[in-house]
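# Overview (structure and organization)
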Amino acid sequence: MSLPTIGVLISGRGSNLQALIDATKSGVLRAKIGLVLANKADAKGLERARLAGIEARWLDPRQFTSRDAYDFTLATELQGKYVSLVCLAGYMRLLSPVFLGAFRNAVLNIHPSLLPAFPGLDAQRQALEHGVRVSGATVHFVTPGLDDGPIVAQAAVAVEADDTEATLSARILAAEHALYPAAVQRVLDGGWRIDGRRVRWESPR
Ligand code: GRF
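As the structure is a prediction and not an experimental result, all values here were calculated from the model.

Another point: helix α3 (residues 67-80). Each turn of an α-helix holds 3.6 residues, which means side chains three or four residues apart point in the same direction. Spanning 14 residues, α3 covers 20 Å between terminal C-alpha atoms, matching the ideal 20 Å at 1.5 Å per step. Residues Y70, D71, L74, A75 and L78 constitute the buried set of α3. Seen along its axis, α3 keeps its buried residues to an arc of 130°; they face one direction. Of the exposed residues in α3, those oriented more than 90 degrees away from the buried face are F72 and G80. Two residues or fewer past α3, Y82 is found with a positive phi of approximately 60°.

This part covers the site of the ligand. The full set of residues close to the ligand is R13, G14, S15, N16, G90, I110, H111, P112 and E176. One of the backbone nitrogen or oxygen atoms of G14 is found 2.8 Å away from an oxygen atom of the ligand. Contact with the protein chains covers 87% of the free accessible surface of the ligand, which is 370 Å². Contributions of two or more residues to the shell around the ligand are made by α1 (15-26) and β5 (107-111). Each residue belonging to the shell around the ligand can be placed in one class, and the counts come to two nonpolar, five polar and two charged.

Thresholds applied
Residues numbered from 1 in each chain as written. Predicted model: local features only at pLDDT ≥ 70, side-chain atom pairs only at ≥ 80, totals over all residues. Heavy atoms only, no water. Helix = DSSP H or I, 4+ residues; strand = E, 2+ residues; numbered from the N terminus. Expected span 1.5 Å × (residues − 1). Buried < 20%, exposed > 50% of the residue type's maximum accessible area, 1.4 Å probe, protein only. Arc of directions from axis to C-beta. Near = heavy atom within 4 Å. Polar contact = N/O pair within 3.5 Å; in protein donor to acceptor, adjacent residues only side chain to side chain. Areas by Shrake-Rupley, 256 points an atom, 1.4 Å probe, with all protein chains shown as cover. Nonpolar A, V, L, I, M, F, W, Y, C, P; charged D, E, K, R; others polar.

Quick look at the structure:
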């Protein structure tokens, strides 16, 4: 049976992209990464993808007259590679309804908090400033709202008394790297439907 093809959108470092790449190699993720696209020229993840033999390109938003035009091109490029699921991995741009309409219920994101707590930027700093004892990571379907879509999977991470933004971020990031590939595989396995805010699974785990 041929493997499903996923696409990955990045803006920077690409450590979650690397986790997805590694998972396709180890067999934790039974998928092929068909295309990696970045909105930033210097996104380190582009190099990670190329090293793994994956086609990776920067699409410069300034070359497009509107967000819709940019997102239409992103979607067209991904569809051209027969991508059936798009994974955002540190992609720092809101996706328009044009893109989300092209990949209906087929875009995932990973966020470094237990949503709905601490959406948006600097989630780890928000968690520290709020004084929570537990934070973590969330994989969710992407909707037009910021970090707001139905939740696929979460991992909890303890917040230690002496944590700094850096130490907490590193602990959450390690959890992200395990969580994201497993969550992507679970979505690819099927047996789910979206019911309002919730993802309903045929076989709860
Ligand atoms: C991760 O913390 C992810 O949760 C958030 O952006 C960061 C991306 O890191 N959406 P990387 O580029 O995957 O290393």
